[in-house]
Amino acid sequence: MLGIPDVKDVRSTAMFSFGYINIIFKDDVDFYWARTRVLERMNLAQKEMPEGVVPILGPDATGVGQVFWYTVENGYYCPNHPTERYAEPGKCPEDGETLIASNLELHELRTLQDWTVRYYLASADGVSEVASVGGYVKQYQIDIDPNTLLAYNVPLSAVYNAIRGSNLDVGAKVIEEGGMEFLIRGLGFIKSIEDIENIVVKAHNGVPIYVKNLGTVSEGP
């Protein structure tokens, strides 16, 4: 990024699992011209990035465009009207029932933010980006027993490849029958712990070895 024309300063910050670069251009530089130059350099740098690292250009907005901060927190709800939420304890205004406290954990609140709240706000007129900060991103975590791998003669890479290959939706061809065409596709995205546990890694003496035979699978941040 240092060789981009009309750049005044380049500042970078690195943290655990991510980093970002701020490029400050001269005041008279066109905003969209500057974004185009940065995109060109990002494309050149892509081939030198570690595997799995994807650089992303920031939103089409200025540094003074951050107009609103909010938090997603546990509230209170009525068991008879669970879609309504309240910030304070008390009685339901519709039927007088006592409100119950919500007990969502940090990763559940982050999931609610990333997959529900963010999309509603991003669709509002004039909103360029909704950035999520804090909480825990939900993960499926697999703890492999190295002794079991050795007993079954299974390399760790085989477990990795089996799980990655099983987390796919695939399209196939069509079957023609009776003047009709039937579309064939395979639904394979992982949706639960059980889906991961039942992935076949390899066969040992004609018996399939599942992920659950090699370790434990759990949800975590």
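The chain is annotated in an unreviewed UniProt entry as Cation efflux system protein SilA from Geodia barretti.

> What is the right way to look at the overall build of the chain in this model?
Along its length, the chain carries 5 helices and 11 strands. In summary, the chain has a C-alpha radius of gyration of 25 Å against a globular reference of 17 Å for 221 residues, an excess of more than 25%. Per-residue burial over the chain gives 17% buried out of 221 residues. Pairs at least 24 apart in sequence give 41% of the contacts found in the chain among residues at least 6 apart.

> Please clarify how the packing of aromatic side chains should be interpreted in this entry.
Where two aromatic rings form a pair, the distance of their centres and the angle of their planes describe that pair. According to the stated counting rule, one finds 4 aromatic pairs in the structure shown. Plain terms: the ring middles of Phe68 and Tyr70 are 6.0 Å apart, the flat faces sit at 20 degrees to each other, and that makes the pair stacked. An angle of 35 degrees between the planes, with centres 6.5 Å apart, marks the rings of Trp115 and Tyr119 as tilted. Taken together, the positions of Trp115 and Tyr119, both in helix α2 (residues 106–122) and 4 residues apart, correspond to about one turn of that helix. For Trp115, a relative accessible area of 62% puts it in the exposed group.

> Is there a simple way to think about the nonpolar core in this case?
One recurring pattern in soluble globular proteins: nonpolar side chains tend to sit buried together. Core analysis: the largest hydrophobic core is formed by 14 residues, its most contacted members being Val154, Val159, Ile163, Ile199, Val201, Val211 and Leu214. Where this core is concerned, the elements lending two or more residues are α4 (156–166) and α5 (193–197). In terms of nonpolar packing, the next biggest core, distinct from the first, is built from 7 residues, Ile23, Val29, Ala34 and Val38 among them.

> Could you clarify how one ought to interpret the pairing of strand β2 (residues 18–25) in this entry?
Every other side chain in a regular strand lies on the same face of the sheet, so the side chains alternate between the two faces. Here strand β1 (residues 7–15) pairs with β2 via 8 bridges, running antiparallel. Across the sheet, residue Ser12 finds its bridge partner in β2, namely Ile21. Between the antiparallel neighbours β1 and β2 lie 2 residues, among them Ser17 with a positive phi of about 80 degrees.

> How should I be thinking about the sheet that holds strand β5 (residues 100–101) in this particular structure?
For sheets, the rule is that strands pair by backbone hydrogen bonds, running either parallel or antiparallel. One open sheet accounts for 3 strands, arranged β4-β3-β5; its pairing is antiparallel. Single-partner strands in this sheet number two, and they are β4 (81–86) and β5. Bridge analysis of strand β3 (residues 76–78) against β5 gives 2 bridges, and the strand direction is antiparallel. Paired with Tyr77 across the two strands is Ile100, which belongs to β5.

> What is the right way to look at the side chain of Gln113 in this model?
Counting through the fold element by element, Gln113 comes out in helix α2. Setting aside anything within four residues of it in sequence, one finds Gln113 in contact with Tyr70, Val72, Arg118, Val130 and Ser132.

> Is there a simple way to think about the pairing of strand β10 (residues 207–210) in this case?
Two strands pair when backbone bridges link them, and strand β9 (residues 200–204) and β10 are joined in this way by 4 bridges, in the antiparallel orientation. Opposite Lys202, over in β10, you have Ile209 as the bridge partner.

> Where do I start with the pattern of salt bridges in this structure?
One side chain can pair with another of opposite charge once the charged atoms of both are near each other. Summed over all chains, the structure comprises 4 salt bridges. Between Asp114 and Arg110 there is a salt bridge; the shortest N-O distance is 2.9 Å. One end of the pair is Asp114 and the other is Arg110, both in helix α2 and 4 residues apart, which spans about a single turn.

> Explain a nonpolar patch on the surface here, please?
Where nonpolar side chains cluster on the molecular surface, the patch consists of Ile175, Met180, Phe182 and Ile184 and spans about 360 Å² of accessible area. With 3 residues, the single largest contributor to the nonpolar patch is strand β8 (residues 180–186). Met180 gets classed as partly exposed once you look at its relative accessible area, which sits at 49%.

> Explain helix α1 (residues 31–46) to me, please; I cannot follow it from the model alone.
With 16 residues, α1 should cover 22 Å at 1.5 Å per step; its first-to-last C-alpha distance of 23 Å lies within 8% of that length. Buried within α1 we find Ala34, Arg35, Arg37, Val38 and Met42. Within α1, the buried residues cover an arc of 160 degrees as seen down the axis, which keeps them to one side. Summarising the geometry of α1, the exposed residues directed more than 90 degrees from the buried face are Asn43 and Leu44. Where α1 is buried, its residues meet β2.

Basis of the calculations
Residues numbered from 1 in each chain as written. Predicted model: local features only at pLDDT ≥ 70, side-chain atom pairs only at ≥ 80, totals over all residues. Heavy atoms only, no water. Helix = DSSP H or I, 4+ residues; strand = E, 2+ residues; numbered from the N terminus. Rg over C-alpha atoms; globule rule 2.2 N^0.38 Å. Buried < 20%, exposed > 50% of the residue type's maximum accessible area, 1.4 Å probe, protein only. Contact = heavy atoms within 4.5 Å. Phe/Tyr/Trp six-rings, centres within 6.5 Å; stacked < 30°, edge-to-face > 60°. Core = buried A, V, L, I, M, F, W, Y, C linked by side-chain atoms within 4.5 Å. Pairing = 2+ DSSP bridges. Salt bridge = Lys/Arg side-chain N within 4 Å of Asp/Glu carboxyl O. Patch = residues over 30% accessible without salt bridge, like charges linked within 9 Å, V, L, I, M, F, W, Y side chains within 5 Å. Areas by Shrake-Rupley, 256 points an atom, 1.4 Å probe, with all protein chains shown as cover. Expected span 1.5 Å × (residues − 1). Arc of directions from axis to C-beta.

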